[in-house]
Amino acid sequence: QDPKMSWAESHYLHQPLELTKAAYQQLIRVPGIGPRSARWILQHRSELSSHRTAQLSHAGVQLKRAAPFIELNGKRLPSQLQLWP
């Protein structure tokens, strides 16, 4: 199994990471979030909305991989994501 996925499953599966409060080092440990998308999240976190997951998708976040491990403004993202605003 992917080491990043294993780590996230043991740390973020039961207590997801809040994107609006997470540090860069936390963000890049989430499957589906790489360095470029983590920097984008940090720069735009005040604009993020749980109703507009397309923002994350356009930033390069692979939502299907990241969704089980993250939350946005206190809400977990649905497992079946709608990628359009």
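Reading guide: rules and limits
- Residues numbered from 1 in each chain as written.
- Predicted model: local features only at pLDDT ≥ 70, side-chain atom pairs only at ≥ 80, totals over all residues.
- Heavy atoms only, no water.
- Helix = DSSP H or I, 4+ residues; strand = E, 2+ residues; numbered from the N terminus.
- Buried < 20%, exposed > 50% of the residue type's maximum accessible area, 1.4 Å probe, protein only.
- Contact = heavy atoms within 4.5 Å.
- Areas by Shrake-Rupley, 256 points an atom, 1.4 Å probe, with all protein chains shown as cover.
- Salt bridge = Lys/Arg side-chain N within 4 Å of Asp/Glu carboxyl O.
- Core = buried A, V, L, I, M, F, W, Y, C linked by side-chain atoms within 4.5 Å.
- Polar contact = N/O pair within 3.5 Å; in protein donor to acceptor, adjacent residues only side chain to side chain.

## A look at the overall build of the protein chain
- Per the secondary structure count, the protein chain includes five helices and three strands.
- Order of helices (α) and strands (β) in the protein chain, N terminus to C terminus: α-β-α-α-α-α-β-β.
- Counting across all 85 residues of the protein chain, residues that qualify as buried make up 40%.
- Sequence-distant contacts, at least 24 apart, represent 52% of the contacts inside the protein chain between residues at least 6 apart.
- Accessible surface, the protein chain: about 5,200 Å² in total, of which carbon and sulfur atoms supply 51%.

## Section: the environment of Val61
- Its location among the elements puts Val61 in the loop between α4 (54-58) and α5 (63-66).
- Residues Val61 and Val30, spaced 31 residues apart in sequence, show a C-alpha to C-alpha distance of 9.8 Å.

## Focus on the pattern of salt bridges
- One pass over the full model with this rule turns up one salt bridge.
- The closest approach of N and O atoms between Asp2 and Arg65, which form a salt bridge, is 3.0 Å. Taken together, the residues span a long stretch of sequence, with Asp2 in the segment before α1 (3-11) and Arg65 in helix α5 at a distance of 63 residues.
- Taking the relative accessible area as the measure of exposure, Asp2 reaches 31% and is therefore partly exposed.

## Concerning the nonpolar core
- Of all hydrophobic cores here, the largest spans 21 residues; its most connected members are Leu19, Leu27, Val30, Ile33, Ile41 and Leu56.
- Counting residues per element, the ones that place at least two in this core are α1, α3 (35-44), α5 and β2 (70-72).
- For Val30, the contacting residues outside a window of four places in its chain are Lys4, Tyr12, Leu17, Ala66, Phe69 and Ile70.

## Some thoughts on the environment of Asn73
- Tracing the sequence through the fold places Asn73 in the loop between β2 and β3 (75-76).
- Note: C-alpha distance between Asn73 and Ser46 (27 residues apart in sequence) is 10.0 Å.
- Of the polar contacts made by the side chain of Asn73, one reaches the backbone oxygen of Leu48; its length is 3.3 Å.

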